[in-house]
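# Coordinate analysis (summary)
Single-letter residue listing:
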Amino acid sequence: MSRPVRIGVQLQPQHAPAYGLIRDAVRRSEDIGVDIVFNWDHFYPLYGDPDGAHFECWTMLGAIAEQTERVELGALVTGGGYRNPDLLADMARTVDHISNGRLVLGIGAGWFQKDYDQYGYEFDSAGSRLALLKDSMARITDRLAKLNPQPVRDIPILIGGGGERKTLRLVAQYADIWHSFADLEVLKRKSGILAEHCAEVGTDAAVIEKSVSWPGADQAATFVAAGATLFTVGVGGPDYDLSVVADAVRWRDEFNPESVAGIA
C-alpha cells in the first residue's frame, strides 16, 4: 500500500511562560505546510528545568483545533492512565467536531513517573500500565460507537510504543498509525513482528501507517524504504524554532510524487 510521506511537528508544551508562544508556533507550523501538529501529554517538562513552565495537553488540542483550518492534530501521545477511557473518547469526539474531522487520537501506556506521582495516579509496573491500555482501547472504541453525535470521521488511532508482545499486538488490533521510537534496524525488525500480530488478528499490516521521529534529510529515504511515511520533528519552547521543520517539509515536497507534493 503506497502513501505519501507526511511531516508532523510536535510542539512540546514546555518552557513556554505564555500560551501565546504556542499559539504563534501553531500558526507558523500550518503556514510552513506541516501535515500534523502534535503536542504531548505530560504535566512537567521532560528536559531542561524540571519545574519549568508547562501546559496541559487536551485543553490545548481544543484550542489548536479552533485555531487551525487544514492540519491534522493530536497528542504524541496521550498517557493511557491519566483519564477515564470513556471520558477520553468523548473528549476526542468533541475535538474531532471542533476541528471538523482533523483529530488523530494518539495514545500510549505512559512512562514518566513524575506525572503519576505528582498528580496522584498509580504508576505501578510497565505490565500493569499496558494492561490498563489494553482495557482502555476496548472501552474507547466501544464509547466512540455510542456517542451522539458521532465523530465527523472514523478517528484515526495512533499507538506509540514498541513492546513486541503486548504493545504491537494492540497496534495490530486497534491502530491506524504506529509510532515507533526505534532506530532503522529495530524498526525493520519490529515491523516484521507487527506483521505477524496483524496476521494473527486478521488485520492488513499494509494499512497501518508507520511513524517515526525525523531522522534528517540524509536518512529519511532509508526509513521510507523500511516503511515509514510519517516523520515528526520535536520542538520545545520558549522559542519554538521551526527551521528543521521547514527543512523537513521541503524534503517531503521534493520526495513525494508530483501528484501528491504540496497537498498538505
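The coordinates are above.
Here is a short report on the structure shown in this document. The residue numbers shown here count from 1 along each chain, following its written sequence. Only residues with pLDDT of 70 or above have their local features reported here, since the model is predicted, and side-chain atom pairs are shown and tallied only from 80 upward, although totals for entire chains, interfaces and linings are computed over all residues. The side-chain numbers reported here are obtained from all heavy atoms of the structure, hydrogens and water having been left aside.

Both faces of the sheet carry side chains from a regular strand, because those side chains alternate between them. We call a residue buried when its accessible area falls under 20% of the maximum for its residue type, exposed when it is over 50%, and partly exposed in between, using a 1.4 Å probe and counting protein chains only. Where helices and strands are cited, they refer to DSSP runs of H or I of at least four residues and of E of at least two residues respectively, numbered from the N terminus. Of all 5 residues that make up strand E8 (residues 209-213), 4 are buried, and the element is covered over most of its length. At least two bridges found by DSSP between two strands are what make those strands a pair. Of the pairings in the sheet, the one linking strand E7 (residues 177-179) to E8 comprises 3 bridges and is parallel in character. Of the residues in E8, the one forming a bridge with histidine 179 is serine 211. With 4 bridges joining them, E8 and strand E9 (residues 228-236) adopt parallel strand pairing. Bridging from a neighbouring strand, serine 211 pairs with leucine 230 of E9.

The next thing to look at is the nonpolar core. As used here, the term nonpolar core means buried Ala, Val, Leu, Ile, Met, Phe, Trp, Tyr and Cys residues forming a set that is joined through side-chain atoms within 4.5 Å. Formed by 65 residues in total, the largest nonpolar core has its most connected members in Leu11, Trp58 and Phe231. No other element matches helix H2 (residues 57-67), which puts 6 residues into this core. Throughout, a contact is declared for two residues whenever any of their heavy atoms are within 4.5 Å. Ignoring anything within four residues of it in the chain, the contact list for tryptophan 58 reads Thr78, Arg83, Leu88, Met91, Ala92, Val95, Leu103 and Leu105. Core analysis: the second largest hydrophobic core is formed by 8 residues, Ile36, Val77, Leu158 and Leu230 among them.

Okay, the layout of surface pockets next. Quantified by volume, the largest pocket comes out at close to 540 Å³. In this analysis, the protein atoms alone were mapped onto a 1 Å grid. Cavities are point sets where a 1.4 Å probe fits without being able to get out; pockets are open sets with protein on both sides within 12 Å along at least five of seven lines; lining residues have an atom within 4 Å of a point. Taken together, 28 residues line the largest pocket, and the ones lying closest to its centre are Val77, Trp111, Gly160, Gly161 and Phe181. Elements with a minimum of two residues in the lining of the largest pocket: strand E1 (6-12), strand E4 (78-79), helix H5 (126-146) and E9. Looking at which element gives the most residues to the lining of the largest pocket, the answer is H5, with 4 residues. Grid points are joined across faces, edges and corners, and a volume is the space filled by probe spheres set on the points.

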